[in-house]
Amino acid sequence: MITGHFGLAAAAKSADRRVPLWALMIATIWLDVVFAPLFATGIEYIDPAPGTDGGYGDSIIYADYTHSLLGALLIAAVTGLVCARWWGRRGGLVIGAVVFSHWVLDLIVHRADLPLLPGNLGSLPRLGFGLWQYHIVTAIVEIVLVLLGAGLYWRAAVKTGGSRGRVNLVTVLIVAFGAVTLGLDIAGI
């Protein structure tokens, strides 16, 4: 769902022009950035879903701290507070919302592997609607998200007087990098 996350970040840029696009792109994958060192140390891990090879969407992700509902809310709140220093209160809220949007999109695609509390405290039921089980549908959803996000970015940038050449280039790059990311994800790279 990385491509979908990037599409959402591009759409968020149309909501608040003060926050740079690069910051929104980082914010949309911030939970995964925080996940990386925990994954590298074995605190959080990924297993292939039963009966699969662990490729695109075929994994159970045990990101019990970074991708728990409460963990994602805390990471989003702290990130938003820190970013408010540079981009004001509204910018901090936008960044925090984009960070948390990662969890919402993951809820749609993940199998039931998202805990409510960090460390799966209380062994409560894990959440996830499992769209990843339908690879083609998931890929279409990601393509739609990146195209919609790029379109909203383009419309807002042109409406606010952005240089047409620069806006067109950035829009093409959003779509191109989204397509490359999705292709690499599907290929298992």
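Residues numbered from 1 in each chain as written. Predicted model: local features only at pLDDT ≥ 70, side-chain atom pairs only at ≥ 80, totals over all residues. Heavy atoms only, no water.

Attention now goes to the overall build of the protein. In terms of regular secondary structure, the protein is built from six helices and two strands. For the protein, the N- to C-terminal ordering of α and β elements is α-α-α-β-β-α-α-α. Taking 2.2 N^0.38 as the reference for a compact globule, 189 residues should give roughly 16 Å; the C-alpha atoms of the protein span a radius of gyration of 17 Å, in line with that estimate. In terms of its C-alpha atoms, the protein occupies a principal-axis envelope of roughly 50 × 35 × 25 Å. Each of the 189 residues in the protein was classed as buried or not, and the buried ones make up 43%. Here the contacts in the protein between residues at least 6 apart in sequence split such that 59% fall between residues at least 24 apart. Summed over all atoms, the accessible surface of the protein reaches about 9600 Å², with 72% contributed by carbon and sulfur. (Helix = DSSP H or I, 4+ residues; strand = E, 2+ residues; numbered from the N terminus. Rg over C-alpha atoms; globule rule 2.2 N^0.38 Å. Buried < 20%, exposed > 50% of the residue type's maximum accessible area, 1.4 Å probe, protein only. Contact = heavy atoms within 4.5 Å. Areas by Shrake-Rupley, 256 points an atom, 1.4 Å probe, with all protein chains shown as cover.)

Turning our attention to a nonpolar patch on the surface. Judged by side-chain polarity, I136, I140, V144 and L148 come together as a nonpolar surface patch covering roughly 400 Å² of accessible area. If you trace the backbone, V144 turns up in helix α5 (residues 135-159). V144 gets classed as partly exposed once you look at its relative accessible area, which sits at 46%. (Patch = residues over 30% accessible without salt bridge, like charges linked within 9 Å, V, L, I, M, F, W, Y side chains within 5 Å. Salt bridge = Lys/Arg side-chain N within 4 Å of Asp/Glu carboxyl O.)

With that settled, the discussion passes to the pattern of salt bridges. When their charged atoms lie close together, side chains carrying opposite charge are able to pair. With the rule as written, the count across this model stands at two salt bridges. For the salt bridge of D58 with R111, the shortest nitrogen-to-oxygen distance reads 3.6 Å. Of the two residues, D58 is situated in the loop between β1 (45-48) and β2 (59-62) and R111 in the loop between α4 (69-109) and α5; the sequence distance between them amounts to 53 residues. Given a relative accessible area of 9%, D58 falls into the buried group. You can call R111 buried: its relative accessible area is 13%. The salt bridge involving R126 is made with D64; its shortest N-O contact spans 2.7 Å. Of this pair, R126 sits in the loop between α4 and α5 while D64 sits in the loop between β2 and α4, placing them 62 residues apart in sequence. With a relative accessible area of 13%, D64 lands in the buried category.

This paragraph deals with the packing of helix α1 (residues 2-15) against helix α2 (residues 21-28). Contact geometry for α1 and α2: axes closest at 8 Å, N-to-C directions at 140 degrees. Relative to α2, the element α1 lies oblique. The two elements α1 and α2 cross, and the hand of that crossing is right-handed. Along the contact surface, α1 presents H5, F6, A9, A10, A12 and K13, while α2 presents L21, L24, M25 and T28. (Axes fitted to C-alpha atoms, helices over the stretch in contact; angles between N-to-C directions. Parallel < 35°, antiparallel > 145°, perpendicular 65-115°, else oblique. Left-handed = near helix turned anticlockwise from the far one by under 90°.)

This part takes up α1. Taking 1.5 Å per residue, 14 residues should reach 20 Å; α1 reaches 20 Å between its end C-alpha atoms and fits that length. Listed as buried for α1 are T3, G4, H5, F6, G7, A9, A10, A12 and K13. Its buried side turned inward, α1 meets α2, α4, α5 and α6 (164-187). (Expected span 1.5 Å × (residues − 1).)

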